[in-house]
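Below, each chain spelled out in residue letters.
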Amino acid sequence: MLIENTWIFPALEALHVIGLALLAGPIVLSDLRTLGWTQAEVSAGVTRAGLWLMVLTGLPMFAAGYERYRENPAFLVKMVALVITLGVHHTIHKRATRATAVLSLALWTFVIFAARAVIDFDV
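Here goes a summary of the coordinates provided.

Digging into the packing of helix α4 (residues 73-89) against helix α5 (residues 98-120)
Okay, step 1: Between α4 and α5, the least distance of the axes is 8 Å, while the angle of their chain directions is 155 degrees. Here α4 is positioned roughly antiparallel relative to α5, judged by the angle of their axes. Seen along the crossing, α4 lies across α5 with a hand that is left-handed. Facing α4, whose interface residues are Ala74, Phe75, Val77, Lys78, Ala81, Leu82, Thr85, Leu86 and Val88, α5 presents Leu103, Leu107, Trp108, Phe110, Val111, Ala114, Ala115, Ala117 and Val118.
Okay, step 2: Class assignment of the residues belonging to the contact of α4 with α5 gives a composition of 16 nonpolar, one polar and one charged.

Right, dumping it as structure tokens:
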């Protein structure tokens, strides 16, 4: 795709980051609530919207730079970490224990750092 050298790619990246905030933000608030650090209420609908926004922006970005991402070790780490984190979120995270909250916070932090590393390891 030729979107990589146009204004479309940075617009997709910006929407992708907004999607990350919508996805991870409510999960982090939920974890902090489980740990007793906040009383904030969260909405699962916002989390789903964030996930869909990330998927809908991530796929065209990946397609536009397939060769670049294929050679990027951080991208593979990010995707594996994201799959593991989403798997944990949809299984044991539902127990809402202090241990699952800490695990969730650690996994989401790792995913975010791995996503940032994709840019640093760009070849």
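Let's pick the thread back up.
What to know about the pattern of salt bridges
For side chains of opposite charge, pairing can occur when their charged atoms come near one another.
Okay, step 1: Counted by the stated rule, this structure contains three salt bridges.
Okay, step 2: Between Glu41 and Arg33 there is a salt bridge whose closest N-O contact spans 2.8 Å.
Okay, step 3: A relative accessible area of 35% means that Arg33 is categorised as partly exposed.
Okay, step 4: Of the charged contacts in the structure, one is a salt bridge between Arg70 and Glu71, with a shortest N-O distance of 3.3 Å.
Okay, step 5: You can call Arg70 partly exposed: its relative accessible area is 48%.

A look at the side chain of His89
Okay, step 1: One can find His89 in helix α4.
Okay, step 2: At 3.4 Å, the side chain of His89 and the side chain of His93 are in polar contact.
Okay, step 3: Those residues in contact with His89 that sit more than four places away from it in its chain are Ile27 and Lys94.

As for the packing of helix α1 (residues 8-34) against α5
Okay, step 1: One can describe the packing of α1 onto α5 by two numbers: an axis separation of 9 Å at closest approach and a directional angle of 150 degrees. By the angle between their axes, α1 is roughly antiparallel relative to α5. Our pair here, α1 against α5, has a crossing hand that is left-handed. For the pair α1 and α5, the contacting residues are Leu20, Leu23, Ala24, Ile27, Val28, Asp31, Leu32 and Thr34 in the first and Arg98, Ala101, Ser104, Leu105, Trp108 and Ile112 in the second.
Okay, step 2: In terms of residue class, the contact of α1 with α5 is built from ten nonpolar, two polar and two charged.

Some remarks on the environment of Ser104
Okay, step 1: Mapping Ser104 onto the fold places it in helix α5.
Okay, step 2: For the pair Ser104 and His89, spaced 15 residues apart in the sequence, the C-alpha separation amounts to 7.1 Å.

Focus: the environment of Val83
Okay, step 1: Among the structural elements, Val83 can be located in helix α4.
Okay, step 2: On the accessibility criterion, Val83 (58% relative accessible area) is exposed.
Okay, step 3: With 34 residues separating them in the primary sequence, Val83 and Ala49 have C-alpha atoms 17 Å apart.

Looking at the nonpolar core
The nonpolar side chains of a soluble globular protein tend to be buried with one another.
Okay, step 1: One finds Ile3, Phe9, Leu12, Met61, Ala64, Tyr69, Ala74, Phe75, Ala117 and Val118 forming the largest nonpolar core, which totals ten residues.
Okay, step 2: Listed by contribution, the elements that provide at least two residues to this core are α1, α2 (44-64), α4 and α5.
Okay, step 3: One finds Leu23, Ala24, Leu82 and Trp108 within the second-largest nonpolar core, a separate group that totals nine residues.

Calculation criteria
Residues numbered from 1 in each chain as written. Predicted model: local features only at pLDDT ≥ 70, side-chain atom pairs only at ≥ 80, totals over all residues. Heavy atoms only, no water. Axes fitted to C-alpha atoms, helices over the stretch in contact; angles between N-to-C directions. Helix = DSSP H or I, 4+ residues; strand = E, 2+ residues; numbered from the N terminus. Parallel < 35°, antiparallel > 145°, perpendicular 65-115°, else oblique. Left-handed = near helix turned anticlockwise from the far one by under 90°. Contact = heavy atoms within 4.5 Å. Nonpolar A, V, L, I, M, F, W, Y, C, P; charged D, E, K, R; others polar. Salt bridge = Lys/Arg side-chain N within 4 Å of Asp/Glu carboxyl O. Buried < 20%, exposed > 50% of the residue type's maximum accessible area, 1.4 Å probe, protein only. Polar contact = N/O pair within 3.5 Å; in protein donor to acceptor, adjacent residues only side chain to side chain. Core = buried A, V, L, I, M, F, W, Y, C linked by side-chain atoms within 4.5 Å.

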